[in-house]
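Coordinates in review
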Amino acid sequence: MSASSGLFLLSTTGQIETAEFPGFDNIYCKYCYMYGLDWVVTAGLEEGISQVGRCSNDERRIFVWNFPLEITFKSTNPFGWPQLIISCYGLDTFGNDVVRGYGVCHLPVSAGQHFKTIPMFVPESTSLLQKMTAWLTGRRPEYVDPRVLAQGEGREVTRVRSQGNVKVSFNIVTKDLQSLGYQNSPNMTTVTSVGALSSHMDNLNIE
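These numbers were taken from a predicted model, which means no experiment stands behind them.

Conventions used here
Residues numbered from 1 in each chain as written. Predicted model: local features only at pLDDT ≥ 70, side-chain atom pairs only at ≥ 80, totals over all residues. Heavy atoms only, no water. Buried < 20%, exposed > 50% of the residue type's maximum accessible area, 1.4 Å probe, protein only. Helix = DSSP H or I, 4+ residues; strand = E, 2+ residues; numbered from the N terminus. Pairing = 2+ DSSP bridges. Salt bridge = Lys/Arg side-chain N within 4 Å of Asp/Glu carboxyl O. Contact = heavy atoms within 4.5 Å. 1 Å grid on protein atoms, 1.4 Å probe; cavity = no way out; pocket = protein on both sides within 12 Å on 5 of 7 lines; lining within 4 Å. Points joined across faces, edges and corners; volume = space filled by probe spheres on them. Nonpolar A, V, L, I, M, F, W, Y, C, P; charged D, E, K, R; others polar.

With that out of the way, let us pick up the pairing of strand 1 (residues 8–20). In terms of residue burial, strand 1 counts as a mostly covered element, since 10 of its 13 residues are buried. As paired strands, strand 1 and strand 5 (residues 63–75) are joined by 11 bridges and run antiparallel to one another. When the bridges of strand 5 are listed, Ala 19 appears paired with Phe 63. The sheet contact formed by strand 1 and strand 9 (residues 160–175) spans 11 bridges and is antiparallel. Across the sheet, Ile 16 pairs through a bridge with Val 168, a residue of strand 9.

Here it is as structure tokens:
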């Protein structure tokens, strides 16, 4: 693939590393991506589900997943830059599988290694009666499709509450962005890691 084709590549590897959800235990996470119409996945996985993590016994009280991420996109337009959407779930007092938090972030634009802490939140019932009913029946408010979090439409009518955070690491490699006129200078402290991943980009079979 050459720059004359008007295409560029974005490749990311990394991990959903740890999370903090005070007062909860036995939590797992799911992830998926949301991206624009001009973007196409050429390699890797668009979604996945982690193992169940136990809260650590030390003073940090964190969940450790180290769940791998790996995906490559090609596009002709940076509009609709991919977003990572994370959903965390666990069991409540009655053994129901309920949501513990949703979070979303854009994939880093610049090449190199990046670390992000994603604040998580949960939807809230609109009244005290609905809140009590949801607690008794185990049917807590949740999104039918978490990808709605990456869209602006309808978000203003959703009532949410902050709950925990998730830490994610990214290793970003881009190709042909600068030759198309886009500036995304890599983080100078991570040039070595970028160089190590560049061969992976060159070996991709892009039609």
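Bringing the pattern of salt bridges into the picture now. Tallied over the full model, the rule gives four salt bridges. For the salt bridge of Glu 47 with Arg 147, the shortest nitrogen-to-oxygen distance reads 3.5 Å. In this pair, Glu 47 sits in strand 4 (residues 47–49) while Arg 147 sits in the loop between helix 1 (128–137) and strand 9, placing the two residues 100 residues apart along the sequence. For Arg 147, a relative accessible area of 25% translates into the label partly exposed. Asp 145 serves as the salt-bridge partner of Arg 147, at 3.6 Å between the closest nitrogen and oxygen. Here the salt bridges share partners, and the residues they tie into one network are Glu 47, Asp 145 and Arg 147.

On to unusual backbone geometry. Although it is not a glycine, Asn 26 sits at a positive phi angle of roughly 55°. Note that Asn 26 resides in the loop between strand 1 and strand 2 (27–34). Residues other than glycine seldom take positive phi values, yet Arg 61 does so here, at roughly 55°. Of note, Arg 61 is situated in the loop between strand 4 and strand 5.

Turning to the side chain of Thr 12, a few remarks are in order. Along the chain, the position of Thr 12 falls in strand 1. Contacts of Thr 12, omitting those with residues within four sequence positions, involve Leu 69, Glu 70, Ile 71, Leu 107, Phe 170, Asn 171 and Ile 172.

A few words on the layout of surface pockets. If you add up the space inside the second largest pocket, you get close to 190 Å³. Lining the second largest pocket, in full, are Met 34, Tyr 35, Gly 36, Leu 37, Phe 79, Gly 80, Trp 81, Gln 83, His 106, Ala 150 and Gln 151. Here the residues of the lining of the second largest pocket sort into six nonpolar, five polar and no charged.

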